[in-house]
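This is what each chain is made of:
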Amino acid sequence: RRLRAAGSSVVLYLPTIQTAGEAALWNRILAALEQHLGLPAGTILVYVLVEQIEAAFQLMEIRAALGVHFVGFNTGRWDYIHSVSDALAWDPEFVNPNIDAITMTYGYMRQYEDRVRRAVNTPDLAGRSALWQGGMEPNIPVGSAEGVAAGMRRAVAGAEREQREGA
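Chemist: Can you lay out the packing of helix H5 (residues 77-87) against helix H6 (residues 107-121) for me, pointing to particular residues and giving the numbers?
Modeler: Where H5 meets H6, the axes come as close as 11 Å, and the angle between the chain directions of the two elements is 115°. When the interaxial angle is binned, H5 and H6 end up roughly perpendicular. The element H5 and its partner H6 pack so that their crossing is right-handed. On H6, the residues that touch Arg77, Tyr80, Ile81 and Val84 of H5 are Tyr108, Met109 and Tyr112. Along the lines of polarity and charge, the residues of the contact of H5 with H6 split into 6 nonpolar, no polar and 1 charged.

Chemist: Could you give an account of the packing of helix H2 (residues 20-37) against helix H4 (residues 59-66), naming the residues involved and the relevant values?
Modeler: It is at 8 Å that the axes of H2 and H4 come closest, and there the two elements cross at 15°. Between H2 and H4, the angle falls in the class roughly parallel. Once H2 is placed against H4, the crossing between them reads as right-handed. On H4, the residues touching Ala20, Ala23, Ala24, Trp26 and Asn27 of H2 are Glu61, Ile62, Ala65 and Leu66. Of the residues assigned to the contact of H2 with H4, the class counts are 7 nonpolar, 1 polar and 1 charged.

Quick notes on the rules
- Residues numbered from 1 in each chain as written.
- Predicted model: local features only at pLDDT ≥ 70, side-chain atom pairs only at ≥ 80, totals over all residues.
- Heavy atoms only, no water.
- Axes fitted to C-alpha atoms, helices over the stretch in contact; angles between N-to-C directions.
- Helix = DSSP H or I, 4+ residues; strand = E, 2+ residues; numbered from the N terminus.
- Parallel < 35°, antiparallel > 145°, perpendicular 65-115°, else oblique.
- Left-handed = near helix turned anticlockwise from the far one by under 90°.
- Contact = heavy atoms within 4.5 Å.
- Nonpolar A, V, L, I, M, F, W, Y, C, P; charged D, E, K, R; others polar.

See the structure below:
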């Protein structure tokens, strides 16, 4: 109530949602919490971190299942790479390159980001689009001053690319 009185939003971050069924469970939990606290429906908003390959194919369903609580998606690099690796573990021909080479513009990562971008730009039945927080394209600085500077340049370049892409 204090956040709302101050003009702030109540926004949560939901990691590792894999299916619309899980999103529907969260929607019921959020609605029950709002009712328990005496808050209007839709007071609590959520961003969904899309870090599992399954979720990338249920974006609109996840969005619909969260209803008035949904505000947007966030894309996550590390967990999505591992999710793809796990999903393709059965294929002896599948080999990921060095993880440093798998940026948000790398093959399947670009397709993943494009799916999220299309999902947030597609209006729901009420005509609302969603928000995309952008890809978490971390670049870990390496011990030396040169390594830190190189990591920071990559981080800034990634953030600028995401802004150009609509995040």
